[in-house]
Amino acid sequence: MHFADHPLVESPSVMKPKVDTTPKATLPSVMETTLMEKSLTAYHLNPLFRWMSVVMGESEAQRMFLLFKVGTSKAYGGSTVFWQVDHMGQVRAGKVMGYDPKTGHRIKEPKPQVAWVHSLMGIKMELRQCFFGEHLLKAQSTKQVVIVESEKSALICAWKMPQYIWLATGGLYNLKPSEALRGRDVILIPDLGAEESWREKMEQLKPICKSVTLSDSLTKIATEDQKKAGLDIADFLLTEPTAGMVIEDMKSRYPELADFILALQLTPISTSEGIPDGWRMPVQKSDDSTPLITN
């Protein structure tokens, strides 16, 4: 009679069992290493590589790309793939981005050229990002770690200051606690204008890191215009043009000089600041059939 008199209450025979609604932890998906390795080529189609070859020379650009696992994609008519490989050597993801090969700037118009490898290939996966460059931590356990936002900046900084391990978050809001940083001495160098956001995130890193500090060096030296532009550390490192950048500027202004440099296969001899202070002729190798001096 009780259930007949109280129709809003289900009878025991039809009462539904309780369902555990606790969110289940999911493991991050990983991608095939071979897929990444196959992309570490065709750099002549890679717009960022072409620009960085001017900045640091082709051999150095290739060394940095291979060290950081930067690949090439056919997307957007040729683009750059920043592979995210975690400290266990697992490939978490590949971010595809388009760049202007002449300026090294991202292409954002008419719409941003950015995508994920798994999306372009129709691969379903549980994306959980890691730091760009994270795979370098395991082999270099004593080096101080510096974290920046941009992958491109991490490449430039690692070339300029190899005494540190350079990582990139790949986005303003991607700075998060990670087991990869456990017991490490970490320095954060945010883009101008992002200092407070990263200062708050820094508190989350303290229980994991041996030490963590936020550098305000850029803020101290930046002009108001530079702050408004949101420049990062790589922008300041390239304030003084490298030898390759000077040459490209000379070639654009004096086309006849470009032909001369190409004909003689001249390469710049750089000072410690990266400015060319002379020219190097190619070394001619001798063999039995080609004498160094002919009549």
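Not measured: the values here are computed from a predicted model.

*Asks:* I would appreciate a short explanation of the pattern of salt bridges in the present structure.
*Replies:* Where charged atoms from two side chains of opposite charge approach closely, those side chains can pair. Taken as a whole and judged by the stated rule, the model has eight salt bridges. A salt bridge links R63 to E60; the nearest nitrogen and oxygen atoms lie 2.8 Å apart. Separated by three residues within a single helix, R63 and E60 lie in helix α4 (residues 58-68), roughly one turn from each other. Since its relative accessible area comes to 42%, R63 is described here as partly exposed. On the basis of relative accessible area, E60 is assigned to the partly exposed category, the value being 23%.

*Asks:* Can you walk me through the sheet that holds strand β5 (residues 145-148) in this structure?
*Replies:* Two modes of strand pairing occur in sheets, parallel and antiparallel, and in both the strands are linked by backbone hydrogen bonds. Across the sheet, which stays open at both edges, the four strands sit in the order β6-β5-β7-β8 with parallel pairing between neighbours. Strands with a single pairing partner mark the edges of an open sheet, and in this sheet they are β6 (165-168) and β8 (211-214). For this sheet, the mean inter-axis angle between neighbouring strands, taken without regard to orientation, is 25°. Contacts from helix α7 (residues 195-205) reach β5, β7 (185-188) and β8 within the one sheet, and its direction differs from that of β8 by about 170°.

*Asks:* I keep staring at the pairing of β7 and nothing clicks. Help me out?
*Replies:* Every other side chain in a regular strand lies on the same face of the sheet, so the side chains alternate between the two faces. Bridge count between β5 and β7: three bridges; the pairing is parallel. Its bridge partner being in β7, V146 is matched across the sheet by I187. The pairing of β7 with β8 spans four bridges and is parallel. Residue L188 lies in a different strand from β8, and its bridge partner there is L214. The parallel pair β7 and β8, bridged by α7, forms a crossover whose chirality is right-handed.

Rules and cut-offs
- Residues numbered from 1 in each chain as written.
- Predicted model: local features only at pLDDT ≥ 70, side-chain atom pairs only at ≥ 80, totals over all residues.
- Heavy atoms only, no water.
- Salt bridge = Lys/Arg side-chain N within 4 Å of Asp/Glu carboxyl O.
- Helix = DSSP H or I, 4+ residues; strand = E, 2+ residues; numbered from the N terminus.
- Buried < 20%, exposed > 50% of the residue type's maximum accessible area, 1.4 Å probe, protein only.
- Pairing = 2+ DSSP bridges.
- Axes fitted to C-alpha atoms, helices over the stretch in contact; angles between N-to-C directions.
- Contact = heavy atoms within 4.5 Å.
- Right-handed = clockwise from strand over helix to strand, strands pointing away.

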